[in-house]
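Each chain, letter by letter, is given below.
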Protein chains: 2
Amino acid sequence: MGLDQRIIEKSKLMWEQCLPHISVDSVVFGFHENQLKVLLIKMTAAQLWLLPGGYVYKNEDLHDAAQRVLTERTGAQRVYLQEFGVFGALNRSEEFFKDYDEGLWYKQRFISAGFYALVDYTAVNVIADEYSETCEWRNIDELPELAMDHQLIYTNALTILRQQLSYKPIGMNLLPEKFTISELQKLYETILGRTLNRGNFYRRIMRFGILVKHEDLRKGGAHKAPFLYSFDPHQYHESLQGLDW
Amino acid sequence: MGLDQRIIEKSKLMWEQCLPHISVDSVVFGFHENQLKVLLIKMTAAQLWLLPGGYVYKNEDLHDAAQRVLTERTGAQRVYLQEFGVFGALNRSEEFFKDYDEGLWYKQRFISAGFYALVDYTAVNVIADEYSETCEWRNIDELPELAMDHQLIYTNALTILRQQLSYKPIGMNLLPEKFTISELQKLYETILGRTLNRGNFYRRIMRFGILVKHEDLRKGGAHKAPFLYSFDPHQYHESLQGLDW
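Residues numbered from 1 in each chain as written. Chains lettered and ligands numbered in written order. Predicted model: local features only at pLDDT ≥ 70, side-chain atom pairs only at ≥ 80, totals over all residues. Heavy atoms only, no water.

The interface is formed by 42 residues belonging to chain A together with 41 residues belonging to chain B. Here chain A and chain B share an interface that buries about 3,300 Å² over both sides, 62% of which is from carbon and sulfur atoms. Here chain A is connected to chain B by 0 salt bridges. At the boundary of chain A and chain B, one finds 12 residue pairs in polar contact (both at pLDDT 80 or more). Counting only elements with at least two residues in the side of chain A that touches chain B, the list comes to strand E1 (18-32), strand E4 (53-57), strand E5 (82-87), strand E6 (111-120), helix H3 (150-164), helix H4 (181-192) and helix H5 (198-207) of chain A. In the side of chain A that touches chain B, the residues fall into 23 nonpolar, 8 polar and 11 charged. (Contact = heavy atoms within 4.5 Å. Buried area = accessible area lost by both parts, 1.4 Å probe. Salt bridge = Lys/Arg side-chain N within 4 Å of Asp/Glu carboxyl O. Polar contact = N/O pair within 3.5 Å; in protein donor to acceptor, adjacent residues only side chain to side chain. Helix = DSSP H or I, 4+ residues; strand = E, 2+ residues; numbered from the N terminus. Nonpolar A, V, L, I, M, F, W, Y, C, P; charged D, E, K, R; others polar.)

Residues and elements named next belong to chain B. Those residues of helix H5 (residues 198-207) that fall on the buried side of the exposure criterion are Phe201, Arg204 and Ile205. Around the axis of H5, the buried residues are gathered within 95 degrees of arc, so they sit on the same side. Contacts from the buried residues of H5 go to helix H4 (181-192) and strand E8 (211-217). Its side-chain oxygen 2.9 Å from the backbone nitrogen of Gly199, Asn197 forms the N-cap of H5. With its phi angle positive at about 65 degrees, Gly209 sits one or two positions after the end of H5. (Buried < 20%, exposed > 50% of the residue type's maximum accessible area, 1.4 Å probe, protein only. Arc of directions from axis to C-beta.)

Put simply, side chains in a regular strand alternate between the two faces of the sheet. All names here are of chain A. The buried fraction of E4 amounts to 4 of the 5 residues, a majority that puts the element mostly inside the structure. Both E1 and E4 contribute to a ladder of 4 bridges, which runs antiparallel. Residue pairing for E4: Cys18 is matched across the bridge by Tyr57. (Pairing = 2+ DSSP bridges.)

Each of the two copies of the chain can be brought onto the other by a rotation about an axis and a shift along it. With an RMSD of 0.0 Å, the operation that places chain A on chain B is a rotation of 180 degrees combined with a shift of 0.0 Å along the axis. Such a turn and shift between the copies fits a two-fold axis. Of the residues that chain A buries at the interface, 98% are likewise interface residues in chain B, meaning the two copies contact each other through the same surface. (Least-squares fit on C-alpha atoms with pLDDT ≥ 70 in both.)

Attention now moves to the confidence of the model for chain A. Residues and elements named next belong to chain A. The predicted model of chain A has a mean per-residue pLDDT of 88, with 96% of residues at 70 or higher. Taking the mean pLDDT of every element in chain A, the minimum, 82, falls on helix H6 (residues 233-240) and the maximum, 96, on E4. Scoring of the predicted complex yields 0.88 for pTM and 0.85 for ipTM. (pLDDT = per-residue confidence, 0-100.)

Residues and elements named next belong to chain A. Applying the stated rule across the entire model yields 24 aromatic pairs over all chains. Taking the centre distance of 6.1 Å and the plane angle of 50 degrees together, the rings of Phe29 and Tyr154 count as tilted. Here Tyr154 lies in helix H3 and Phe29 lies in strand E1, a separation of 125 residues in the sequence. Here the aromatic rings of Tyr121 and Trp137 are separated by 5.4 Å at their centres, their planes lie at 35 degrees, and the arrangement is tilted. Of this pair, Tyr121 sits in the loop between E6 and strand E7 (132-139) while Trp137 sits in strand E7, placing them 16 residues apart in sequence. For the residue pair Tyr121 and Trp137, the accessibility class agrees, reading buried in each case. We note Arg138 situated over the ring of Trp49; from NZ or CZ to the ring centre the distance is 5.0 Å. (Phe/Tyr/Trp six-rings, centres within 6.5 Å; stacked < 30°, edge-to-face > 60°. Lys NZ or Arg CZ within 6 Å of the ring centre and 35° of its normal.)

Let's shift gears to the environment of A:Leu118. Residue and element names in this part refer to chain A. Position of Leu118 relative to the elements: it lies in strand E6. When its relative accessible area of 22% is taken as the criterion, Leu118 is described as partly exposed. Discounting chain neighbours no more than four positions away, the residues touching Leu118 are Phe29, Phe31, Leu36, Leu161, Ile170, Leu174 and Ile191.

Residues and elements named next belong to chain B. Its location among the elements puts Lys37 in strand E2 (residues 35-43). Here Lys37 sits buried without a salt bridge, and the closest side chain of opposite charge, Glu142, lies 6.8 Å off (N-O distance). In this structure the side chain of Lys37 is engaged in a polar contact, spanning 3.0 Å, whose partner is the side chain of Asn139. (Lys, Arg positive; Asp, Glu negative; His and termini not counted.)

And the structure:
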């Protein structure tokens, strides 16, 4: 069965099983050793790069759908997704299948719920589904052009991630259990895409009250051995509420 | 024409004009003189309290739909709405019209995009539409029970509003042009629903770098006349980006 025929068959199935006009798209940021990447798929049919996305079953919660779609399309398991915005401009997706019949599922107008996550990308195994040539991590400095409005979805997710740095802690599961302040600063700098003043960073991060200082030092560097810290799990989760006035 | 018949006629129109399965709901917070309120409507049919909400025309941007629906249902004009979350749990709305035919528009599964705003409520004139008995501001301390999942939508909006206090400035258009620090603190306390330490508040708000101190004092109080401040519009809008690392 050719690709066109497969798309038409799949379209019929979608009309039966899924809610029309609603889709989900995920921006999964991966961090490891000072590199920030994002998970993309390349569609075999159109040879276009997209964020991993899909549709919502009629009997499925929206959030469950986002988790399922991410796993189906990329193989990524246990990635905790957070909804961050809805993308509902006119003609954001309709043009994509313009050569097909009007009744094609994929050609309808879709309003998409955007989800994002930040994970240690070495902990995620990715695979491509049957419609994708590849599914891979790409450095955020070297992204290919994304189709539809996926550039906008990606950019908004990155903005939200950066904003959250200013009021929510990050780092747990991304850094080793014990880390130096400068390793934590490097994580922030990588996500923000710029260097930060060391003294300001120290004062700011201490205000969160989420770090525990240890007796042991990081040895082996050229400079005076810096202290090691870890996250206080209770304070960390308190601070995640973001209500620290 | 009876109410039931009007609902059935309107349902047909909705199927023609709107995107099925998508709705919008708005949480409009109104503030004035240390009172925080939210805009609610009471449905004539079911005698239930709801957030003002509605549907998206097939040829209309999602955000435009939210603005239009708010104006149509409440009369509120020029209220700048921000999308803050999607509500897509199963059975969040379907039960609401359980006595009607399966084909009724309103009985379908709807995933709703939530929008919120914070305005000076004396600047907004509200009116009720044909399906609503009333549209009114209610003190957030004395809310009636809300139908469907509107309590959840409201609660999430309030949480977002409170979180934004910790990284985005608020107050412009809610306070007089010149205000004292303690008037600003009172605004924050009203939104947070609790008192704040005066010294901590002062230090925290000063760190935003958004206030201009004036030579004139607020006279007439029992205590030493406090200094007046206003917002620096440029710094205020910079700070709205929330990227102040």
